[in-house]
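Listed below are the residues making up each chain.
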Amino acid sequence: MVVGAFPMAKLLYLGVRQLSKPVANRIKAGARRSEFFKSYICLPPAQLYHWIEMKTKMRIMGFRGAAVKPLNEDAAAELGAELLGETIIFLIGGGCLVFEYSRQAWNSRRKDEELTHTINSLQVQIGELALTTETLDAQLREVNRLLLSLPPAPSGK
């Protein structure tokens, strides 16, 4: 069994994704309890979301100039806490995605560098072999020249 073949990064990402939901739920519970958090963090995005949603629905139904009533504080706090929780889950997932992309890009870059190094090494070896071949060819020509310039050996029958 190969230990390195198990994708530890994927296991880590799965753990982060599983932890993001309870973390978001805890933040939502804290938002419901804290008056400051509820008033300044949860309510404004919830009211904005409600306003955009209602304006869009009214325009689709043909009511152009109708005014949108704001949500009551409890409903807005609940919606704001839900939006905050979903935003946190989205940001954690997006962070994992960006991290995985950068990790894959780094691995690809590393493999390309290794391939380039291997190609350069092979080119150097080919150059050295070409020089060795030329040297041996020159030596072979010299030996042939010397052999041809020798007088023939007397035959003794």
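Residues numbered from 1 in each chain as written. Predicted model: local features only at pLDDT ≥ 70, side-chain atom pairs only at ≥ 80, totals over all residues. Heavy atoms only, no water.

Considerations on the overall build of the protein
Put simply, the test is: Where helices and strands are cited, they refer to DSSP runs of H or I of at least four residues and of E of at least two residues respectively, numbered from the N terminus. A radius of gyration in this sense is built from C-alpha atoms; the matching globule rule multiplies 2.2 Å by the number of residues raised to 0.38. Remark: exposure states derive from per-residue accessible area (1.4 Å probe, protein chains only) relative to the maximum for the residue type, with buried under 20%, exposed over 50%, and partly exposed in between. The criterion used for residue contact is that any of the two residues' heavy atoms lie within 4.5 Å. To measure how exposed things are, a 1.4 Å probe is used in the Shrake-Rupley method; for residues, cover is taken only from the protein chains shown.
Helix and strand counts for the protein stand at 3 helices and 0 strands. For the protein, whose C-alpha radius of gyration is 38 Å, the value lies well above the compact-globule estimate of 15 Å for 157 residues. Out of the 157 residues in the protein, the part that is buried amounts to 14%. Summarising the internal contacts of the protein: among those between residues at least 6 apart in sequence, 69% fall at separations of at least 24. A total of about 12,800 Å² of accessible surface is found on the protein, and carbon and sulfur atoms cover 67% of it.

Topic: the side chain of His 50
Note on placement: His 50 falls in helix α2 (residues 35–61). Aside from chain neighbours lying at most four places away, what touches His 50 is Val 68, Lys 69, Pro 70 and Leu 71.

Some points on the packing of aromatic side chains
Operational definition: In summary, the pairing rule links any two rings of Phe, Tyr or Trp, Trp by its six-membered ring, whose centres are within 6.5 Å, and it sorts them by plane angle into stacked for under 30 degrees, edge-to-face for over 60 and tilted for everything else.
Scanning all chains against the criterion turns up 1 aromatic pair. Here the aromatic rings of Phe 36 and Tyr 40 are separated by 5.0 Å at their centres, their planes lie at 45°, and the arrangement is tilted. With Phe 36 and Tyr 40 both in helix α2 and 4 residues apart, the pair spans about one turn of that helix.

What about a nonpolar patch on the surface?
Condition: Candidate patch residues must exceed 30% relative accessible area and have no salt bridge, after which like charges are joined if within 9 Å and Val, Leu, Ile, Met, Phe, Trp or Tyr side chains if within 5 Å. Here, a salt bridge means any Lys or Arg side-chain nitrogen found within 4 Å of an Asp or Glu carboxyl oxygen.
Together, Phe 36, Tyr 40 and Ile 41 make up an exposed nonpolar region whose accessible area comes to about 360 Å². Within the secondary structure, Ile 41 is located in helix α2.

Focus: the packing of α2 against helix α3 (residues 73–149)
Put simply, the rule reads: As a rule, the C-alpha atoms of each element are fitted with a line to give its axis, helices using only the stretch in contact, and angles between N-to-C directions run from 0 to 180 degrees. Our angle categories are set so that under 35 degrees counts as roughly parallel, over 145 as roughly antiparallel, 65 to 115 as roughly perpendicular, and the remainder as oblique.
Contact pair α2 / α3: the axes reach a minimum separation of 7 Å and the direction vectors enclose 85°. Here α2 lies roughly perpendicular to α3, going by the angle between them. Between α2, through Glu 35, Phe 37, Lys 38, Ile 41, Cys 42, Leu 43, Pro 45, Ala 46, Gln 47 and Tyr 49, and α3, the contact on the second element is made entirely by Glu 73, Ala 76, Ala 77, Leu 79, Gly 80, Ala 81, Leu 83 and Leu 84.

Considerations on α2
Applied cut-off: To estimate the expected span of a helix, subtract one from its residue number and multiply by 1.5 Å. A residue's bend is the angle separating two fitted axes: one through the seven residues that end there, the other through the seven that start there. Under this definition, polar contacts are N or O atom pairs within 3.5 Å; protein pairs additionally need one hydrogen-donor-capable and one acceptor-capable atom, and for neighbouring residues in sequence, both atoms have to be side-chain atoms.
For α2, built from 27 residues, the straight-helix expectation of 39 Å at 1.5 Å per residue is met to within 8% by its first-to-last C-alpha distance of 36 Å. Within α2, the axis deviates most sharply at Cys 42, by approximately 40°, and proline Pro 44 lies no more than four positions further along. Looking only at α2, the buried set comprises Lys 38, Cys 42, Leu 43, Ala 46, His 50 and Met 58. Its side-chain oxygen 3.2 Å from the backbone nitrogen of Phe 37, Ser 34 forms the N-cap of α2.

Topic: the pattern of salt bridges
For the coordinates displayed, the defined rule picks out 7 salt bridges. Glu 53 is paired through a salt bridge with Lys 57; the nearest N and O atoms lie 3.5 Å apart. Taken together, the residues span about one helical turn, with Glu 53 and Lys 57 both in helix α2 at a distance of 4 residues.

Things to note about the confidence of the model for the protein
The condition that has to hold: Per-residue confidence from the predictor is given as pLDDT, running between 0 and 100.
On average, residues of the protein score 85 in pLDDT, and 92% of them are at 70 or above. At the level of individual helices and strands, the protein shows its lowest average pLDDT in helix α1 (residues 8–33), which scores 74, and its highest in α3, which scores 91.

Considerations on the side chain of Glu 100
Within the element layout of this structure, Glu 100 appears in helix α3. A polar contact of 2.8 Å, which involves the side chain of Glu 100, links it to the side chain of Gln 104.

Section: the environment of Leu 19
Tracing the sequence through the fold places Leu 19 in helix α1. Among the residues examined, Leu 19 registers a relative accessible area of 57% and is labelled exposed. When the C-alpha atoms of Leu 19 and Ile 92 are compared, they prove to be 9.7 Å apart, with 73 residues separating the residues in sequence.

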